[in-house]
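Analysis of the macromolecular model
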Amino acid sequence: SKTKMISINCAAYHGDLLESRLFGYVKGAFTGANKDTKGVFEMAQGSTLFLDEIGDISPRMQATLLRVLQERKIMKVGSTEEVKLDVRIITATNRDLWKMCKKGTFRFDLFYRLAIAELKLPSFANLFKPEKRKWINYFLEQKKNDVGRNKQLTLSKKVWDILLSHLFIGNLRELQAVIESFYVFCTDENIVTEEYVNKRVLERDEDISPTLKSVTDAYKMKVLKQYGGNVAKASKILDINEGTVRTWKKNNYPKG
């Protein structure tokens, strides 16, 4: 299909509002429903629908979404007619859905419907430096286009060092905000120096009290990277059996 992918942030809508955005509604379904309106499922017919922050939907919406995925049909709010679907579904979340399932806050049956091809993406902090540089350059280019600048900002070596070593608890959204701030404040120059870096970025890592787990995880990562991901060599240095190191690597080590 030539239809581009449709996306929606589920966390931005609650209750009935999310239902109407997903499935659409008919004229007169509620106050303000002045005409029949398609939801994102119908808009993505023959293409792909990306449901972001799926872990934030309510229990009622979980049940509704499960029925939609099972039957491949939707019903607009206020309607009694079903609409057949031909949509590929991709979902994303920063929550641990498996833990939510065990706590009873996310449905097991919906999880299994969604987790057919599951990908666990590493955080920005766990990427190798070349990958971090690519993301930083990507946002520099993107923000240059957004603000209409003729020339992309250049980061000084010190600023590169700061960004490459910062934990970025807010992951890529935090990085994006930091880069955007450079374009807001660095208007008369093309080189970003340390003075343009937000104080929060400079000091945040020092304010975080490390836990035993975070320290040991960081050491495991350092050893694995030192030996190029070789589990056998890393296990000897860490004095941990290979099976444990292999499992930890599978869940934490950057892919590629």
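Just above sits the structure.
Heads up: these notes are all about the structure in this document. (Residues numbered from 1 in each chain as written. Predicted model: local features only at pLDDT ≥ 70, side-chain atom pairs only at ≥ 80, totals over all residues. Heavy atoms only, no water.)

Comments concerning the overall build of the protein
Secondary structure summary: the protein contains 12 helices and nine strands in total. Against the 2.2 N^0.38 benchmark of 18 Å for 256 residues, the protein shows a C-alpha radius of gyration of 23 Å, more extended than a compact globule. Referenced to the eigenvectors of the C-alpha coordinate spread, the extents of the protein come out at roughly 60 × 55 × 35 Å. Counting every position in the protein, which comprises 256 residues, the buried fraction comes to 36%. (Helix = DSSP H or I, 4+ residues; strand = E, 2+ residues; numbered from the N terminus. Rg over C-alpha atoms; globule rule 2.2 N^0.38 Å. Buried < 20%, exposed > 50% of the residue type's maximum accessible area, 1.4 Å probe, protein only.)

Looking at the state of the cysteines
One pass over the structure, following the stated rule, counts zero disulfides. Cys 101 takes part in no disulfide bond, and the closest cysteine sulfur, belonging to Cys 10, lies 16 Å away. (Disulfide = S-S within 2.5 Å.)

Description of the sheet that holds strand S1 (residues 6-9)
Strand order across the open sheet formed by three strands is S1-S4-S7, with parallel pairing between neighbours. Taken across any chain shown, the strands that pair with only one partner, and hence form the sheet edges, are S1 and strand S7 (88-92). Going across the sheet, the axis of each strand differs from the next one's by a mean of 15°, ignoring polarity. Pairing between strand S4 (residues 48-52) and S7: five bridges, direction parallel. In the strand pairing of S7, Leu 49 is matched with Ile 89. (Pairing = 2+ DSSP bridges. Axes fitted to C-alpha atoms, helices over the stretch in contact; angles between N-to-C directions.)

What to know about the packing of aromatic side chains
As enumerated under the stated definition, the model contains 12 aromatic pairs in all. For the ring pair Phe 111 and Tyr 112, a centre distance of 5.7 Å and an interplane angle of 70° mean the geometry is edge-to-face. Overall, the relative accessible area of 10% leaves Phe 111 in the buried class. Cluster of aromatic residues (ring-pair linked, three or more members): Trp 98, Phe 108, Phe 111 and Tyr 112. Taking the ring centre of Trp 160 as reference, the NZ or CZ of Arg 133 above it sits at 4.8 Å. Between Lys 249 and the ring centre of Tyr 253, over which it is positioned, the NZ or CZ distance is 5.4 Å. (Phe/Tyr/Trp six-rings, centres within 6.5 Å; stacked < 30°, edge-to-face > 60°. Lys NZ or Arg CZ within 6 Å of the ring centre and 35° of its normal.)

Notes on the side chain of Lys 220
With respect to the helices and strands, the residue Lys 220 is situated in helix H10 (residues 212-226). The buried charged residue Lys 220 lacks any salt bridge, with Asp 217 as its nearest oppositely charged partner at 4.2 Å. Excluding residues that lie within four positions of it along the chain, Lys 220 makes contacts with Leu 238, Ile 240 and Trp 248. (Lys, Arg positive; Asp, Glu negative; His and termini not counted. Salt bridge = Lys/Arg side-chain N within 4 Å of Asp/Glu carboxyl O. Contact = heavy atoms within 4.5 Å.)

Notes on the packing of helix H1 (residues 16-23) against helix H3 (residues 59-71)
For the pair H1 and H3, the least separation of the axes is 11 Å and the interaxial angle reads 20°. Put simply, H1 runs roughly parallel to H3. Seen from above, H1 lies across H3 with right-handed handedness. On the side of H1, the interface is formed by Asp 16, Leu 18, Glu 19, Leu 22 and Phe 23, while H3 contributes Arg 60, Met 61, Thr 64 and Val 68. (Parallel < 35°, antiparallel > 145°, perpendicular 65-115°, else oblique. Left-handed = near helix turned anticlockwise from the far one by under 90°.)

Let's talk about the nonpolar core
Leu 22 and Phe 41 are the most contacted members of the largest nonpolar core, which has 28 residues in total. When contributions to this core are tallied by element, the ones reaching two or more residues are S1, H1, helix H2 (40-43), S4, H3, helix H4 (97-103) and helix H5 (108-114). Top contributing element to this core by residue count: H3, with five residues. In contact with Phe 41, other than residues within four places in its own chain, are Leu 22, Phe 23, Leu 49, Leu 65, Val 68, Ile 74, Leu 85, Val 87 and Ile 89. By size, the runner-up hydrophobic cluster in this structure holds 23 residues, among which are Leu 153, Leu 155, Ile 162 and Ile 179. (Core = buried A, V, L, I, M, F, W, Y, C linked by side-chain atoms within 4.5 Å.)

A word on a positive patch on the surface
A contiguous patch of positive charge, built from Lys 99, Lys 102, Lys 103 and Lys 120, is present on the exposed surface. As for its position among the elements, Lys 99 is in helix H4. (Patch = residues over 30% accessible without salt bridge, like charges linked within 9 Å, V, L, I, M, F, W, Y side chains within 5 Å. Areas by Shrake-Rupley, 256 points an atom, 1.4 Å probe, with all protein chains shown as cover. Charge placed at Lys NZ, Arg CZ, Asp CG, Glu CD.)

Looking at the environment of Lys 73
Counting through the fold element by element, Lys 73 comes out in strand S5 (residues 73-75). Between the C-alpha atoms of Lys 73 and Asn 9, which are 64 residues apart in sequence, the distance is 21 Å. Apart from residues no more than four positions distant in its own chain, Lys 73 is found in contact with Arg 67, Val 68, Glu 82, Val 83, Lys 84 and Leu 85.

Just distances and angles here, no functional claims.
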